[in-house]
Amino acid sequence: MLDEKSSQLVEHLDHPNGWWRDTAQRLLIIKQDKSVVPALKQMYQSSTNQLARIHALWTLEGLGALDAPTARAAMEDRDRIAEAIGG
C-alpha cells in the first residue's frame, strides 16, 4: 500500500478487512494529500457501508478538511455515525 496513489488508498476505506481500512486511513493522513477530499466526501455521502463512512469522516478530520456541513450531516446520519465518532 505504500506505493499506491492516494486515490487508491481511498478505495481501501471500503475494504471488508479492518487492517486495510485502518492502514489506508493512516497513510492518507500521513500523506496529507488533500486532492482526495472530494472522494472522501463522496464516500461519506453515498457509501452504504457504515464503516467506510466512518473512516471517510475520520480521514477528513485527519486532513483538516472536515467542514461544518459534513459534520452536521454526520450528527444526523441514519446509522448514528455521530455516536461512533464521539459526537
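Coordinates for the structure precede this section.
Residues numbered from 1 in each chain as written. Predicted model: local features only at pLDDT ≥ 70, side-chain atom pairs only at ≥ 80, totals over all residues. Heavy atoms only, no water.

### Quick word on the overall build of the protein
This is how the line gets drawn: Under the DSSP-based scheme used, a helix requires at least four consecutive residues in state H or I and a strand at least two consecutive residues in state E, with every element numbered from the N terminus. Accessibility here uses a 1.4 Å probe with only protein chains present; expressed as a share of the type maximum, an area under 20% marks a residue as buried, one over 50% as exposed, and anything in between as partly exposed. We call two residues contacting when some pair of their heavy atoms lies within 4.5 Å. All accessible areas in this document rest on Shrake-Rupley with a 1.4 Å probe, and a residue is counted as covered only by the protein chains that are shown.
The number of helices and strands found in the protein is six helices and zero strands. When the helices and strands of the protein are read in sequence order from the N terminus, they spell out α-α-α-α-α-α. Of all 87 residues assigned to the protein, the portion counted as buried reaches 37%. The contacts of the protein with a sequence gap of at least 6 include a subset with a gap of at least 24, amounting to 59%. As displayed, the protein has an accessible area near 5100 Å², and 52% of this comes from carbon and sulfur atoms.

### A closer look at the environment of R53
Counted only if it meets this: Here a polar contact is recorded for every N or O atom pair within 3.5 Å, except that within protein the pair must consist of a potential hydrogen donor and a potential acceptor, and residues adjacent in sequence are included only if both atoms are side-chain atoms.
With respect to the helices and strands, the residue R53 is situated in helix α4 (residues 50-62). Residue R53 is classed as buried on the basis of its relative accessible area, which comes to 1%. Sequence separation between R53 and Q42 is eleven residues; the distance between their C-alpha atoms is 9.3 Å. A distance of 3.0 Å separates a polar atom in the side chain of R53 from the backbone oxygen of S47.

### Section: the packing of aromatic side chains
Heads up, the rule is: Only the six-membered ring of Trp is used, alongside the rings of Phe and Tyr, when aromatic pairs are assigned; centres must lie within 6.5 Å, and planes under 30 degrees apart are stacked while those over 60 apart are edge-to-face, with the rest tilted.
The tally for this structure, following the rule as stated, stands at one aromatic pair. A centroid spacing of 5.6 Å and a plane angle of 85° characterise the contact between W19 and W20, whose relative ring orientation is edge-to-face. Judged by its relative accessible area of 30%, W20 is partly exposed.

### Looking at the side chain of T59
Counting through the fold element by element, T59 comes out in helix α4. Judged by relative accessible area, T59 falls into the buried class, the value being 0%. Within polar-contact distance, the side chain of T59 engages the backbone oxygen of H55 at 2.7 Å. Apart from the residues lying within four places of it in its own chain, the contact partners of T59 are L13, Q25, L28, I29 and L40.

### Remarks on the nonpolar core
One recurring pattern in soluble globular proteins: nonpolar side chains tend to sit buried together. This is how it is decided: Think of a nonpolar core as a cluster: buried Ala, Val, Leu, Ile, Met, Phe, Trp, Tyr and Cys residues, connected wherever their side-chain atoms sit within 4.5 Å.
Core analysis: the largest hydrophobic core is formed by 18 residues, its most contacted members being V10, L13, L28, V36, L40, M43 and L63. Among the secondary structure elements, those contributing two or more residues to this core are α1 (6-12), α2 (18-31), α3 (37-46) and α4. Residues within four places of M43 in sequence aside, it is in contact with V10, L13, D14, A52, R53 and A56.

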